[in-house]
Amino acid sequence: MKKTLALILIIMLFINIYAYGATGYTNISNIGLYNNPDYGSGIKDALKMSSRLEILEEGDKWCRVQTPDGKTGWIDKFFITLPSERYVANNIPYNINIRESPTTGSKIVGTLKPGDRAEYIDTYHSWHIIKYAGGEYYIASWLTDIEYKKSEKIYFLHDSINIRSKPSLDSKVTAQGNSGDSFEVVGEEKGWYKIKLNDGSFGYVAAWLTSHDINSLKSDHITYKKTSHDLNLRTGPSVEYDRILTLKKGETVKTVAGENGWDKIVTQNGYVGWCNNYYLKETLPLAGKVILLDPGHGGHDPGAISYSGKFEKYLNLSVAQNLKEVLNRAGAAVYMTRTGDTYITNKERGRLADKLGADILLSIHHNSLGNSDYFGLSTYYNTINYKSPAYGYNLAEAVYLNAISINGVYRDGILDRNFEVLRETNTPAALIEIGFMSNPTEEMNIHNLSFQNVMVEKIAGGIVDYFYAYSN
Ligand SMILES: [Zn+2]
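All values derive from a computational prediction rather than experimental measurement. Once a new chain begins, its residue numbering starts again from 1 and follows that chain's sequence as written. Local features in this predicted model are restricted to residues whose pLDDT is 70 or higher, and side-chain atom pairs enter the listing and the counts only when it is 80 or higher, whereas totals over whole chains, interfaces and linings include all residues. The side-chain quantities take in all heavy atoms of the structure and omit both hydrogens and water.

## Observations regarding the overall build of the protein chain
The condition is simple: Helix and strand definitions here come from DSSP, where helices need a minimum of 4 consecutive H or I residues and strands a minimum of 2 consecutive E residues; each element is numbered from the N-terminal end. The quantity called the radius of gyration is restricted to C-alpha atoms. Its globule counterpart is 2.2 Å times the number of residues to the power 0.38. Throughout, exposure labels follow a simple rule: accessible area from a 1.4 Å probe, protein chains only, divided by the maximum for the residue type, with under 20% read as buried, over 50% as exposed, and the rest as partly exposed. We call two residues contacting when some pair of their heavy atoms lies within 4.5 Å. The accessible surface values rely on the Shrake-Rupley method and a 1.4 Å probe; as for residues, cover is taken only from the protein chains in view. Under the counting rule used here, the positive set is Lys and Arg, the negative set is Asp and Glu, and His together with the chain ends is not counted. For charged residues, the charge sits on one atom: NZ in Lys, CZ in Arg, CG in Asp, CD in Glu.
Each helix and strand counted, the protein chain has 7 helices and 33 strands in total. The C-alpha atoms of the protein chain give a radius of gyration of 23 Å, which matches the 23 Å a tight globule of 472 residues would have. Across the 472 residues in the protein chain, those meeting the buried criterion constitute 51%. Long-range contacts, defined as pairs at least 24 residues apart, comprise 65% of the intrachain contacts of the protein chain with a sequence gap of at least 6. Total accessible area on the protein chain is roughly 21,400 Å²; 49% of this is exposed by carbon and sulfur atoms. Across the protein chain, the mean location of the 49 positive side-chain charges is 2 Å away from that of the 52 negative side-chain charges.

Okay, here's the thing in structure tokens:
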């Protein structure tokens, strides 16, 4: 009898370990980590967009979380994206090495045997990060499969989304789905979800067109508003609720929801609460900002040449033109280093930002490598000519953290590089490599207009976050 009880206790212990410790991410920049599950409890810290969180406890409205640097606290669940819990599986007949860092030259710490699985945490630099022997280690993504721990759903974000026979834009369309439709997801591959259809068959959908959680914040629901009066922030949507703090007249806040004349808002310092929206006036978040966009390469310089033979210079220009429109709508004055297929030196591009008196310079590129297995999105800054190393970094980081929040876009890092276009300017400058043209899957994604539209919205969101956090 005692043995049975001990066994039950051990099983319960494992169930607990299994249930807690899922990985989530913040879905808005600068969000409060609260002392208690209560808007009035005060915040310990404000977390950046796409901050990784270990979920320690999940309630209806709040999660208790731990950050990678060990801080614990509570976050309103609305501001957390909770991807499904996943395994990395070895489905090939050989052992796969588990390594200390994401390179084939790094130390081997163990192996994943054929048929074995390990807990998946994230993907970085084309390697999966897994839990192994009490730590976090790396395993090659191109040798392994991602599998789901249990039945999970994804939701379609738009109408007329194609469901395909393979995880690729050139495969056959077998069905379509509309906004709000949900499907069971059973696996994922380089930006695509494998889903189970109603007739029991399987299909693939582009991850960037889907969401894990229909109830959490969607970035296109954020509007920026300015207070027209000193204004109380309260713990709920009426004057009956406690006052948290008083916003000053002229402060800009993010509105994320509303009911009965009250807006749910996030302040610049990360406090969440409710305000009477009579005193909140919508504002363009980039009004008065001057932005120089730089579509990389051009003319006799094609840039990278893709897996299927397409030139990077055309792709950079089309993304920049699309981004310009989004930034214009947000109130910015936007200039371009080139609007056609012309060649300009990188030095001239950098200097133009200073000449224009631009607030920022963003250079747009797509990556390429000899090894077609590599994928992911990276941003760059340069510290050579800057007084403060944070100058270009803040922009590179804000753009990166927004862009990698897209489902199916993977992290490749924020890196300090001595790129001429970044070096030859005194304007805060960053460069983005949106994806690898040398990777057959990513190449198709980055040439796809629906992917580009989602991407430019996120890049614009990063630019707004940059100005909101650093220059108001
Ligand atoms: Zn390039």
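## Topic: the domain arrangement of the protein chain
The condition that has to hold: Residue ranges for the domains trace back to a domain assignment, done automatically or taken from a database. Buried area is a sum: the accessible area each of two parts loses on coming together, probed at 1.4 Å, counted once for each and added. Should a side-chain nitrogen of Lys or Arg be within 4 Å of a carboxyl oxygen of Asp or Glu, the pair is scored as a salt bridge. Here a polar contact is taken to be a pair of N or O atoms separated by no more than 3.5 Å, where protein atoms must pair a possible hydrogen donor with a possible acceptor and residues adjacent in sequence count only if both atoms sit in side chains.
Split into domains, the protein chain comes out as domain 1 (18-81), domain 2 (86-143), domain 3 (147-211), domain 4 (220-282) and domain 5 (290-470). Distance between the C-alpha centres of domain 1 and domain 4: 21 Å. Counting residues at the interface gives 13 residues for domain 1 and 14 residues for domain 4. For the pair domain 1 and domain 4, the summed buried area comes to about 1,100 Å², and 61% of that belongs to carbon and sulfur atoms. D76 is the partner of K264 in a salt bridge, and the nearest nitrogen-oxygen pair spans 2.8 Å. Linking domain 1 to domain 4 there are 6 residue pairs in polar contact (both at pLDDT 80 or more). Listing elements by their share of the side of domain 1 that touches domain 4, those giving two or more residues are β2 (31-34) and β3 (43-47). Among the elements that line the side of domain 1 that touches domain 4, the one with the most residues is β2, at 3 residues.

## Focus: a nonpolar patch on the surface
Using the following cut-off: Residues enter a patch when their relative accessible area is above 30% and they make no salt bridge; the linking distance is 9 Å between like charges and 5 Å between nonpolar side chains (Val, Leu, Ile, Met, Phe, Trp, Tyr).
Taken together, the side chains of I305, F311 and Y314 present a nonpolar region at the surface, about 290 Å² in accessible area. Along the chain, the position of F311 falls in the loop between β28 (290-295) and α2 (312-329).

## With respect to the coordination of the zinc ion
Under the convention used in this document: Distances up to 2.8 Å from the metal define which N, O and S atoms are donors, and 3.2 Å serves for Na, K and Ca; water is absent from the atom set, so sites may look incomplete. Geometry is assigned from donor-metal-donor angles: four donors are tetrahedral when every angle falls between 85 and 135 degrees, four are square planar and six octahedral when opposite donors sit over 155 degrees apart with all other angles between 65 and 115, and any other arrangement is irregular.
Only H297 (NE2), E312 (OE), E312 (OE) and H365 (ND1) from the protein reach the zinc ion as donors, at distances of 2.1 to 2.7 Å. Each of the 4 donor atoms around the zinc ion contributes to a set of angles spanning 52 to 142°, which defines the coordination as irregular.

## Observations regarding the packing of aromatic side chains
Here a ring pair, both rings aromatic, is described through the centre-centre distance and the interplanar angle of the planes. As a reminder, the rule being used: Aromatic rings from Phe, Tyr and Trp, with only the six-membered ring used for Trp, were paired whenever their centres fell within 6.5 Å, and each pair was classed as stacked if the ring planes differed by under 30 degrees, edge-to-face if by over 60, and tilted otherwise.
Counting across every chain of the model gives 17 aromatic pairs. Each ring, one from F78 and one from F79, has its centre 5.3 Å from the other, and the planes form 70°; the classification is edge-to-face. Like F79, F78 is buried. Between Y380 and F419, the aromatic rings sit 5.2 Å apart at their centres with planes inclined by 65°, giving edge-to-face as the arrangement. With a gap of 39 residues between them, Y380 in strand β31 (residues 377-381) and F419 in the loop between β32 (411-416) and α5 (420-423) connect regions that are remote in the sequence. Judged by relative accessible area, which is 5%, Y380 ranks as buried. Residue classification places F419 among the partly exposed residues on the basis of a relative accessible area of 27%.

## A few points about the pattern of salt bridges
A complete count under the given rule lists 21 salt bridges for this structure. One salt-bridge network, held together by shared partners, links E85, E119, K131, K149 and K150.

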